[in-house]
Amino acid sequence: MNKSRFSMLLLEPGEIYFEDYSCTMNMEIKTGSGQQGRLKLCSKSLVFEPREWAHPLIKLHFKECIDIDTVLNGSSKDTNMIKVKVKQYSEMLEENILAPYKFIYENQDFCFLFDFASADECLRQMQQLLRASTLHAPEHNSMVATILHSRYTRMIFDTVMMEDFTEKIICEFQTEKISPLVRHQGKLALTPTTLYFQPFSNVENGPILKMKLEHMKRIYKRRFLLRQVGLEIYCAEESPISHIYLSFQSEKDRNRAHQILEESPNVKLERVHIEEMTLQWQNGVVSNYDYLMHLNCLADRSKNDLTQYPVFPWVIADYTSETLDLESVETFRNLSKPMGALNPDRLEKLLERYHEMSDPKFLYGSHYSAPGLVLFYLVRKYPQYMLCLQNGRFDHPDRMFNSVKDVYNNCLKNMSDFKELVPEFYDTTANGDFLENMYDIDFGERHNGSKVDNVSLPPWAASPKDFVNKLREALESEYVSRHLHLWIDLIFGYKQRGEEAVKAFNVFHHVCYEGSVDLERIYDMNDRHALEVQIMEFGQVPKQLFTKPHVRKILPKMPKPLSSKSCDSHDYEYSMEFPTPLSSRSCEGHDYEYSMECVNTIRLHKDAVSAALRSGARVVSAGRDGALKVFDLPHGRQIRSVSLCATPLSSCVMVDDNIVAAGSWDNEIYLYDVEYGRVVESFRAHDDSVSCLKWLQKDRLLISGGWDGVVRVWGHVGTAGHALRGLKAEFDHDGKITTVAYRYRRHILEIFAGTSDGEVFVWDYSTKELMNKIKVHTSAVSGVCLLCEDRIVTTSENGDLSVTDLSVLNSVYQKQVSATITSICCDGTCLLWLGGSSGKLLQWNMITVAQLSEEQAHDDLIQSIHFDRPSKTLITASSDKSIKVWQLTQRS
């Protein structure tokens with residue numbers, strides 16, 4: 001067998017492998033026999049790998065060396081042999097069996113006869129590293145770094161290995177390729193088309209790693225060992241290299257490499273923003289598992305870095321029942337509390353210690369995620385990682401992961417055990433392989449004589465695969481979906497640090513938090529090394545992603561069919577009364593869109609059309625020319641035209657089958673009877689221009705907004721037929737009112753007002769009290785639409801689209817989708833139309849959070865959009881003086 005048994009995991013974590021030499025090893029001075037193999041020169045040890053697999057690898061630590069020197073024959077002639085005298089050594093992988101290392105505590109000589117290399121040259125390097133081993137760890141690391149940099153400066157990038165000999169190298173960096181517990185030193189070269197990583201040594205990696213820039217899909221800046229020097233790149237499926245994690249010498253180098261890749265025309269990244277993913281998760285498009293993986297990724301958690309391994313919650317609290325009841329609250333762990341606060345008795349003792357501490361205080365002396373804790377769970381799958389981390393030893397059999405029930409109970413009761421879980425507990429693609437002793441390793445015997453083998457599962461799990469499947473089902477269950485945002489607040493959110501963390505009993509050692517320690521400013525090598533060791537052993541709190549309460553997930557509810565009675569067709573311009581909360585399932589499939597065909601173009605006005613709506617077979621429009629027009633669609637002709645005033649009209653709504661209300665810049669509201677062709681009423685509604693109107697059919701109320709900063713609600717006076725001049729409510733604002741909307745919530749009417757200051761106000765109509773005031777945009781609000789479960793979609797004049805969750809007063813999603821947005825409309829479920837710049841009409845799905853189409857609908861700004869449900873048509877009005885009727889056809 002020619003495949004090498006040597007691995008960087010046979011070295012200490014972070015130890016550097018320099019090079020190897022072909023040689024013959026003897027345990028005494030002779031030249032005619034011995035074991036043929038290769039001697040690996042590493043920063044802390046020498047490792048001899050015999051060619052024959054029956055023989056173990058021999059590891060000689062420099063710190064255990066008594067002497068290293070060349071061997072001379074009787075005539076003082078160099079034999080090209082080096083003798084290493086050690087106090088102890090270790091043997092590994094005998095018969096290629098993965099097992100704890102065998103340590104031999106006795107003096108021993110090892111002689112290495114080199115086949116090609118010069119013994120004198122090898123000796124100089126070995127003695128240099130031997131001297132380094134006598135130093136304290138910080139000085140040792142500094143000396144090794146100097147040796148490494150010297151090698152880097154002498155290393156020439158091998159252009160022969162490039163894809164194209166005409167490629168020009170843009171820049172080169174000294175970097176490390178990071179994998180769990182291993183750091184491969186090398187040189188990174190970037191060309192216009194390819195990323196190359198050439199390792200200093202060819203162990204495990206081959207001569208060079210090549211990654212095409214066109215295959216790169218996601219790039220993340222990473223914090224590695226408390227320093228902002230990491231860069232992780234994920235590629236498309238067709239790439240031979242799925243991903244790479246790199247560590248640079250400095251943040252400046254990392255940022256430069258990141259900038260080069262970001263600006264490269266060959267790099268086409270998938271832009272998945274956290275807000276977009278959050279909204280998709282809230283809508284049920286993204287699973288709880290995928291969302292947690294996404295948050296971990298954004299918070300610098302990577303499976304390549306055991307100090308920042310992805311963290312998942314315990315969600316099940318029942319490990320004794322025969323069946324798992326996901327309908328019972330008792331089955332689940334309380335996700336609003338950290339693991340350390342679940343047991344009141346233990347928490348009381350921890351708080352006593354906490355209050356006696358001097359600042360900076362911490363409640364928990366150990367973390368919920370650290371390299372040792374990760375490998376505690378995964379030792380059966382990655383035994384070589386545990387041997388690397390624990391110097392060739394497994395943990396004591398009684399302290400290993402033997403039983404799920406015992407581990408959970410220990411996490412509840414032990415004064416120093418607060419660990420959460422790892423993604424493998426919920427990963428159904430791996431079938432729970434980490435729970436089985438798949439390599440048949442001898443982990444030893446417990447105190448009761450039982451052999452450590454597979455993990456003992458709860459009675460409700462028939463197999464590791466069944467266990468993981470049921471845990472995943474629990475993770476996606478209604479209970480967890482209803483409460484998962486509370487756990488996110490603790491781990492990634494606003495309860496992670498500060499006063500909120502203290503209130504939530506969620507305080508860890510201050511060194512674990514990002515930003516608490518700047519290693520670049522710690523010049524004392526001993527202090528710096530101590531912090532690095534502490535992080536390696538203790539773990540790190542994830543990067544804080546949210547500073548406000550996280551939104552909750554919207555749970556599916558059975559939809560009721562929308563009827564014209566409960567959702568009047570003319571209520572769809574900016575706001576809707578939803579008969580049932582909308583969810584990802586109540587959209588009757590959230591992956592649909594409308595194809596649009598323009599079936600009619602109407603040109604009636606002499607100036608811009610401010611607003612247009614459809615009522616039955618008629619299109620009613622209001623223009624900047626002060627005219628109100630009525631167009632008969634079946635006959636294709638104008639049937640009414642009236643000049644209501646000498647100033648522009650801003651808006652119009654149907655308040656009855658034949659009565660239109662129009663708002664004007666002359667501060668008046670006009671009521672016009674379409675059937676009889678006459679103005680039936682007009683009244684002064686505001687002290688400045690009327691900017692918007694909304695009609696509430698249920699309560700027969702008219703809402704008006706004005707540039708005077710006031711929203712007024714008008715109702716009928718007495719028994720007069722069309723009299724609407726009765727003022728029912730008045731709400732004052734600082735900025736001009738640009739749009740109004742409403743909803744009925746638990747039979748209470750709430751009125752929304754968008755202002756020129758970018759704010760949205762929410763008023764209780766019955767009490768006349770301000771319920772909420774939210775600063776959403778930096779420019780004027782151009783539209784408000786109501787979504788389900790306390791959420792609103794707003795747009796602004798500078799082209800921003802925003803989704804705000806009113807339950808936490810927090811923006812869930814915000815994106816600039818156009819240079820400007822002047823109008824917005826919803827179809828009553830999950831589709832939006834936006835009037836963008838230069839007459840563009842955008843169609844968005846707010847469940848999948850994606851733009852579906854872009855139509856060049858007009859030659860100028862779209863002033864209003866109206867959806868008519870009975871006819872499945874869209875009416876758009878524009879500054880280009882035209883009105884267009886669009887026939888909609890739903891397609892999946």
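Now for a look at the structure at hand.

1. Focus: the overall build of the protein chain
Regarding its fold elements, the protein chain presents 13 helices and 44 strands. Relative to its full complement of 892 residues, the protein chain shows a buried share of 57%. Accessible surface, the protein chain: about 36,900 Å² in total, of which carbon and sulfur atoms supply 47%. One way to put it: in the protein chain the 100 positive side-chain charges average out to a point 1 Å from where the 120 negative ones average out.

2. Here's the deal with the packing of helix α2 (residues 137-154) against helix α13 (residues 525-538)
Between α2 and α13, the least distance of the axes is 8 Å, while the angle of their chain directions is 95°. Judged by the angle between their axes, α2 and α13 are roughly perpendicular. Contacts from A137, P138, E139, N141 and S142 in α2 reach M525, N526 and H529 in α13.

3. Some details on helix α3 (residues 251-263)
Relative to the 18 Å expected for 13 residues at 1.5 Å per residue, α3 spans 18 Å between its end C-alpha atoms, a close match to the ideal helical length. Among the residues of α3, those classed as buried are R254, A257, H258, I260 and L261. On an axial view of α3, the arc spanned by its buried residues comes to 160°, and they lie on one face. Residues of α3 that are exposed and angled more than 90 degrees away from the buried face: K252 and E263. Summarising the contacts, the buried residues of α3 are in contact with β10 (171-179), β11 (182-190), β14 (216-224), β15 (227-235) and β16 (243-248).

4. Topic: the pairing of strand β12 (residues 194-199)
Most of β12 sits out of view: six of its six residues are buried. Where burial is concerned, the two faces of β12 agree: the one with T194, Y196 and Q198 and the one with L195, F197 and P199 are both buried. Looking at chain direction, β11 and β12 are connected through five bridges and run antiparallel. For G186, the partnering residue across the bridge sits in β12 and is P199. Linkage of β11 to β12, two consecutive antiparallel strands, is achieved through a turn of three residues.

5. Here we look at the packing of aromatic side chains
The tally for this structure, following the rule as stated, stands at 44 aromatic pairs. With centroids separated by 5.9 Å and ring planes inclined at 85°, the aromatic side chains of Y592 and Y594 adopt a geometry described as edge-to-face. Here the two residues Y592 and Y594 agree in accessibility, since each one is buried. Ring plane angle 25° and centroid distance 5.7 Å describe the contact between W833 and F867, whose orientation is recorded as stacked. Residue W833 is found in strand β39 (residues 831-835), and its partner F867 is found in strand β42 (residues 862-868); the two are separated by 34 residues along the sequence. Judged by its relative accessible area of 0%, W833 falls in the buried class. Through a chain of ring-to-ring contacts, three or more aromatic side chains come together here, namely W314, Y319, F376, Y377, F401, Y408, F425, F434, W460 and F467. R380 extends its terminal NZ or CZ atom over the ring of F443, reaching a point 6.0 Å from the ring centre. When the ring centre of W707 is taken as reference, the NZ or CZ atom of K736 above it lies at 5.0 Å.

6. A few points about empty space enclosed by the protein
Per the stated rule, a full pass over the model turns up five cavities of 30 Å³ or more. Put simply, the largest cavity is a space of about 50 Å³. Considering the residues around the largest cavity, the lining is formed by P338, M339, G340, Y368, F418, E420, I491, N506 and F508. When grouped by side-chain class, the residues that make up the lining of the largest cavity number six nonpolar, two polar and one charged.

7. Some remarks on the pattern of salt bridges
Per the counting criterion, the structure on display carries 35 salt bridges. Residue E500 is joined to K503 by a salt bridge in which the shortest nitrogen-to-oxygen separation is 3.7 Å. Of this pair, E500 and K503 both sit in helix α12 (residues 498-503), three residues apart, which is roughly one turn of the helix. Residue classification places K503 among the exposed residues on the basis of a relative accessible area of 54%. The residue R712 makes a salt bridge to E730 at a minimum N-O spacing of 2.6 Å. Linking R712 in strand β28 (residues 710-715) with E730 in strand β29 (residues 726-732), this pair joins segments that are 18 residues apart in sequence.

8. As for the sheet that holds strand β22 (residues 649-654)
Taking strand neighbours across the sheet as the criterion, the four strands line up as β22-β23-β24-β25 in an open arrangement whose pairing is antiparallel. The sheet is open, and its two edges are formed by β22 and β25 (678-684), each paired on a single side. Shown here is a sheet whose adjacent strand axes are inclined to one another by a mean of 20°, direction ignored. Taken together, the five bridges between strand β23 (residues 659-664) and strand β24 (residues 668-673) define a ladder with antiparallel strand orientation. Looking at the pairing, G663 lines up with I669 of β24.

9. Looking at the nonpolar core
Core analysis: the biggest nonpolar cluster contains 117 residues, and W314, I316, Y377, F401, F425 and W844 have the highest contact counts within it. Top element by residues in this core is helix α11 (residues 478-491). It accounts for seven residues. Discounting residues that sit within four places of it in the chain, F425 has contacts with Y377, F401, F434, F467, V468 and L471.

10. Here we look at a negative patch on the surface
Negative charge collects at one region of the surface, where D345, E348, E352 and E356 lie side by side. Checked against the element boundaries, D345 lands in helix α6 (residues 344-356). Under the relative-accessibility criterion, D345 is labelled exposed at 55%.

11. Observations concerning the sheet that holds strand β38 (residues 823-826)
Strand order in the open sheet formed by four strands is β38-β39-β40-β41, with antiparallel pairing between adjacent strands. For this open sheet the edge positions go to β38 and β41 (850-856), each flanked by a neighbour on one side alone. Strand after strand, the sheet turns through a mean of 20° between neighbouring axes, direction not considered. Relative to β41, strand β40 (residues 840-845) runs antiparallel, the two being bridged by six bridges.

12. Remarks on the environment of R891
Within the secondary structure, R891 sits in strand β44 (residues 883-891). The class for R891 is partly exposed, based on a relative accessible area of 43%. Counting along the chain gives 298 residues from R891 to E593, while the straight-line C-alpha distance between them is 5.5 Å. Among all residues touching R891, those that are not within four sequence positions of it are Y592, E593 and S595.

Conventions we followed
- Residue numbers restart at each chain and count upward from 1, following the sequence in its written direction.
- Where local features are concerned, this predicted model is filtered to residues with pLDDT of at least 70; where side-chain atom pairs are given and counted, the filter is 80 or more; whole-chain, interface and lining totals use all residues.
- With hydrogens and water stripped out, all remaining heavy atoms of the structure feed into the side-chain values.
- Going along the chain from the N terminus, every DSSP run of H or I of four or more residues is numbered as a helix, and every run of E of two or more is numbered as a strand.
- Whether a residue is buried, partly exposed or exposed follows from its accessible area with a 1.4 Å probe, protein chains only, as a fraction of its type maximum: under 20%, in between, or over 50%, in that order.
- Values of accessible area rely on a 1.4 Å probe in the Shrake-Rupley scheme; residue burial ignores everything except the protein chains shown.
- Note that His is not counted, nor are the chain ends; the positive residues are Lys and Arg, and the negative ones are Asp and Glu.
- Lysine's charge is taken at NZ, arginine's at CZ, aspartate's at CG and glutamate's at CD.
- Axes, fitted as lines to C-alpha atoms, cover a helix only where it is in contact. Angles between the N-to-C directions of the axes lie from 0 to 180 degrees.
- For classification, angles of less than 35 degrees are called roughly parallel, those exceeding 145 degrees roughly antiparallel, those between 65 and 115 degrees roughly perpendicular, and all remaining angles oblique.
- Here, residues are in contact when the closest pair of their heavy atoms is within 4.5 Å.
- Each residue after the first adds 1.5 Å to the expected span of a helix.
- Starting at the helix axis, one direction is taken to each C-beta atom, and the arc is that of these directions.
- Any two strands with at least two DSSP-identified bridges between them are counted as paired.
- A pair of Phe, Tyr and Trp rings is counted when the ring centres sit within 6.5 Å of each other, with Trp represented by its six-membered ring. The angle between the planes then sorts it: under 30 degrees is stacked, over 60 is edge-to-face, the rest tilted.
- In this analysis the charged atom, NZ for Lys or CZ for Arg, is taken to sit over a ring once it is within 6 Å of the ring centre and within 35 degrees of the ring normal.
- Here a cavity means grid points, on a 1 Å grid over the protein atoms only, where a 1.4 Å probe fits yet cannot get out; a pocket means an open set of points with protein on both sides within 12 Å along at least five of seven lines; lining residues are those with an atom within 4 Å of a point.
- Grid points are joined across faces, edges and corners, and a volume is the space filled by probe spheres set on the points.
- Residue type decides the class: Asp, Glu, Lys and Arg count as charged, Ala, Val, Leu, Ile, Met, Phe, Trp, Tyr, Cys and Pro as nonpolar, and the leftover types, Gly among them, as polar.
- Should a side-chain nitrogen of Lys or Arg be within 4 Å of a carboxyl oxygen of Asp or Glu, the pair is scored as a salt bridge.
- Grouping buried Ala, Val, Leu, Ile, Met, Phe, Trp, Tyr and Cys residues that are joined through side-chain atoms within 4.5 Å yields what is termed a nonpolar core.
- Residues forming no salt bridge and having over 30% relative accessible area are the ones grouped into patches, like charges within 9 Å of each other and nonpolar side chains (Val, Leu, Ile, Met, Phe, Trp, Tyr) within 5 Å.

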